[in-house]
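# Topology and contacts: notes
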Amino acid sequence: MESEQLKNEVGRRLPSGRYQHVLRVTGTAMILADRFGEDKEKAETAALLHDVAKAMTKEELKRIVESEGDPAGVLGFHHELWHGPAGAAIAREEFGIRDADILAAVRFHTTGRAGMSCLEKIIFVADMIEPGRAFPGIEGLRAEAERSLDSALVACSAHNLQYLASVRTAIHPDTLRCYNDSLS
């Protein structure tokens, strides 16, 4: 599917504010892909699709994740994590995406995981540092992404863990594995 077609279809599925976020993540992902030697077309596709399931109801997300066999093990955790695996299923089934790296980038963009590919790291980081994000520490995360994708992943993973602990929610094991793996 061509980039403009993909943008139009994703835009049709999301509220305006969420779609604007997707476009900012896409721009950020393409900058990071250029900076760190990743395929920009793959980065664009993964970024455009990363939140394709975000506007779905909990029931719809649960149905999709269950039908996939819950490959990321998210159903026992907060429903905010469900849109990644559901989005990967939609990317494959409705958009015809067959590239395993793009599908993994969509699937794990909320939790991260150990052994992330360059593309997965780019989408994870881009989602956190896109220009519309404003929270304490964001400038430091953006500065890390100027220097090194791996150091940005460490910083973003640490921020994610600190936030999740501060709101006292269960932390998905892949999020811990992502942080621990990013330290090595």
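In what follows, the structure referred to is the one given above.
What you are looking at is a predicted structure, and each value in this text was computed from that prediction instead of being measured. Counting of residues starts from 1 at the beginning of each chain's written sequence and follows it residue by residue. Restriction of local features to residues with pLDDT of at least 70 applies here, the model being predicted, together with a cutoff of 80 or more for giving and counting side-chain atom pairs; totals for whole chains, interfaces and linings are based on all residues. Only hydrogens and water are set aside; all other atoms, that is, all heavy atoms of the structure, feed into the side-chain values.

Another point: the nonpolar core. To define a nonpolar core, start from buried Ala, Val, Leu, Ile, Met, Phe, Trp, Tyr and Cys residues and group those joined through side-chain atoms within 4.5 Å. Only protein chains enter the accessibility calculation, which uses a 1.4 Å probe. A residue is then buried if its area is under 20% of the maximum for its type, exposed if over 50%, and partly exposed in between. Counting 54 residues, the largest nonpolar core has V10, L49, I123, V125 and I129 as the members making the most contacts within it. Under the scheme used here, helices are H or I runs from DSSP no shorter than 4 residues and strands are E runs no shorter than 2 residues, and both carry numbers assigned from the N terminus. At 8 residues, helix 7 (residues 118–129) tops the list of elements feeding residues into this core. Residues contacting V10, with those up to four places away along its chain left out, are Y19, V22, L48, L49 and V52. Only heavy atoms enter the contact rule, under which two residues are in contact if any of them lie within 4.5 Å.

A word on the packing of helix 3 (residues 40–49) against helix 6 (residues 100–107). The axes used here are C-alpha line fits, helices contributing only the stretch in contact, and every angle between their N-to-C directions lies in the interval 0 to 180 degrees. At a minimum axis separation of 9 Å, helix 3 and helix 6 run at an interaxial angle of 35°. The element helix 3 and its partner helix 6 pack so that their crossing is right-handed. Side by side, helix 3 and helix 6 meet where K42, T45, A46 and L49 of the first sit next to D101, I102, A105 and V106 of the second. Here the nonpolar group is Ala, Val, Leu, Ile, Met, Phe, Trp, Tyr, Cys and Pro; Asp, Glu, Lys and Arg are the charged ones; every other residue, Gly included, is treated as polar. For the contact of helix 3 with helix 6, the per-class residue count stands at 5 nonpolar, 1 polar and 2 charged. Two helices crossing with the near one rotated counterclockwise from the far one by less than a right angle form a left-handed crossing, whereas a clockwise rotation gives a right-handed crossing.

Attention shifts here to the environment of H172. By the element assignment, H172 lies in the loop between helix 9 (149–166) and helix 10 (173–182). On the accessibility criterion, H172 (3% relative accessible area) is buried. In the structure, H172 is positioned 11 residues away from L183 in sequence and 18 Å away in space, judged by C-alpha atoms. Here a polar contact means two N or O atoms within 3.5 Å. Within protein one must be a hydrogen donor candidate and the other an acceptor candidate, and residues neighboring in sequence count only if both atoms are side-chain atoms. Here G73 takes part through its backbone oxygen, which lies 3.0 Å from a polar atom of the side chain of H172.

Geometric descriptors of this kind do not, in isolation, establish any biological role.
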